[in-house]
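Survey of secondary and tertiary structure
Below are the chains, spelled out letter by letter.
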Amino acid sequence: MGQNGWDKIKNVLKSWELGDYFRQFSIVAAGIIVTFWGSDKIAEHSRQKEVRATMQLVAEELEYNKEELRKIKRLLDIDVHMSTVLSNHNMDVSKIPGDTLWKYGKLFNNFDEFSYRTDALDVLKGSSLMQYIPEKRMLQDVMQVYFELGRKKKDVGDYYKIKTDVLMGLALSAGRKNILSDDRTFKDEVSYLLEHDNFINFVVMVPGILDWSEFDALDEMLDKQIQTCLLYTSPSPRDMRRS
């Protein structure tokens, strides 16, 4: 800037009164404040968008886990039903209709496990998003439902371990005649199992090994937390504050 330019600026400043200085300062300060306010709003909007996306993942993961819980519950219900049928018929397989024996035959050969996912929860816990969710009780409830899923996984695993030990023990102790026979039917296989007290003891124990009411309670917990998480997928600030 040349000397003439500086002279013009000096002349303008000399002509200003004190109020002019305050007015110009206020304009600059207001611009700075608006800039920071806008930046904060943009950052907040971005965070809320991340919260909504993550909570959507958590809701979908809980929905998947609920279906897995129901699948394993259906398999366990088969075991309970077949054990009840056997007990009602005094462990006499000849009195049980063949179609019933086949329909509920998983008691005699099914080894399964209950698995559930935690990927979305791990993303939520590993991020800084939890501090931007005001309903801490809701977060606690979500953590609790995952904890209960873990407990149920262990309970189901313990049940199938008992079942595996009994059935595999009998299978490994079976004589050559039982193993190599080509004309053995499914009913023959069941009759062989019922010749052994340890299998009969297992059958009698099946209805009481697990607390079956806990499955229904956990199913209800999952439903509730899925709906709660879905409230956080709405872009509306009002929905973000719902409990």
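The following paragraphs examine the structure supplied in this document. (Residues numbered from 1 in each chain as written. Predicted model: local features only at pLDDT ≥ 70, side-chain atom pairs only at ≥ 80, totals over all residues. Heavy atoms only, no water.)

**Observations concerning the overall build of the chain**
We apply this condition: The way it works is that DSSP assigns letters per residue, a run of H or I at least four long becomes a helix, a run of E at least two long becomes a strand, and they are numbered from the N terminus. The criterion used for residue contact is that any of the two residues' heavy atoms lie within 4.5 Å. Residue-level accessible areas treat just the shown protein chains as cover; the underlying method is Shrake-Rupley with a 1.4 Å probe.
Looking only at helices and strands, one finds ten helices and zero strands in the chain. Going from the N terminus to the C terminus, the chain shows its helices and strands as α-α-α-α-α-α-α-α-α-α. Contacts in the chain between residues at least 24 apart in sequence constitute 82% of all its contacts with a sequence separation of at least 6. For the chain, the accessible area works out to roughly 15,200 Å², and carbon and sulfur atoms hold 56% of it.

**Concerning unusual backbone geometry**
Trans is the common state for peptide bonds, and a negative phi is the common state for residues other than glycine. Phi at N90 takes a positive value of approximately 55°, unusual for a residue other than glycine. For N90, the position within the fold is in the loop between α2 (18-88) and α3 (98-103). Within the chain, M91 stands out as a residue other than glycine whose phi angle is a positive 60°. The residue M91 is located in the loop between α2 and α3 in this model.

**Structural notes on helix α4 (residues 119-126)**
Short version of the rule: Burial classification: accessible surface area is computed with a 1.4 Å probe over protein chains only, and a residue below 20% of its type maximum counts as buried, one above 50% as exposed, and the rest as partly exposed. By arc we mean the arc of the directions from the helix axis to the C-beta atoms, nothing more.
Turning to α4, its buried residues number three or more, namely A120, L121 and L124. Mapping the buried residues of α4 onto a view down its axis gives an arc of 100°, with all of them on the same face. Along α4, the residues that are exposed and aim more than 90 degrees away from the buried face are D119 and G126.

**Regarding the packing of aromatic side chains**
Here is the rule we go by: Ring pairs shown here join Phe, Tyr and Trp side chains whose ring centres sit within 6.5 Å, with only the six-membered ring taken for Trp; geometry is labelled stacked below 30 degrees between planes, edge-to-face above 60, and tilted in between. By definition, being over a ring means that NZ of Lys or CZ of Arg is both within 6 Å of the ring centre and within 35 degrees of the ring normal.
A full pass over the atoms with the stated rule returns eight aromatic pairs. A ring pair is formed by W212 and F215, whose centres lie 5.9 Å apart and whose planes are at 20°; its orientation type is stacked. Residue class for W212 comes out buried when judged on its relative accessible area of 16%. Taken together, the ring pairs connect W102, F108, Y159, Y160, F186, F199 and F202 into an aromatic cluster. Here R117 stacks its cationic end above the ring of Y64, 3.6 Å away from the centre of that ring. In this arrangement the basic side chain of K152 is found over the ring face of F215, its NZ or CZ atom lying 4.8 Å from the centre.

**Brief notes about the nonpolar core**
Formally: Side-chain atoms within 4.5 Å are what join buried Ala, Val, Leu, Ile, Met, Phe, Trp, Tyr and Cys residues into a set we call a nonpolar core.
In terms of nonpolar packing, the biggest core is built from 56 residues, with L76, M82, L86, L107, F108 and F199 touching the most fellow members. Only α2, α4, α5 (136-173), α7 (186-193), α8 (197-209) and α9 (213-231) provide two or more residues apiece to this core. The leading source of residues in this core is α2, at 14 residues.

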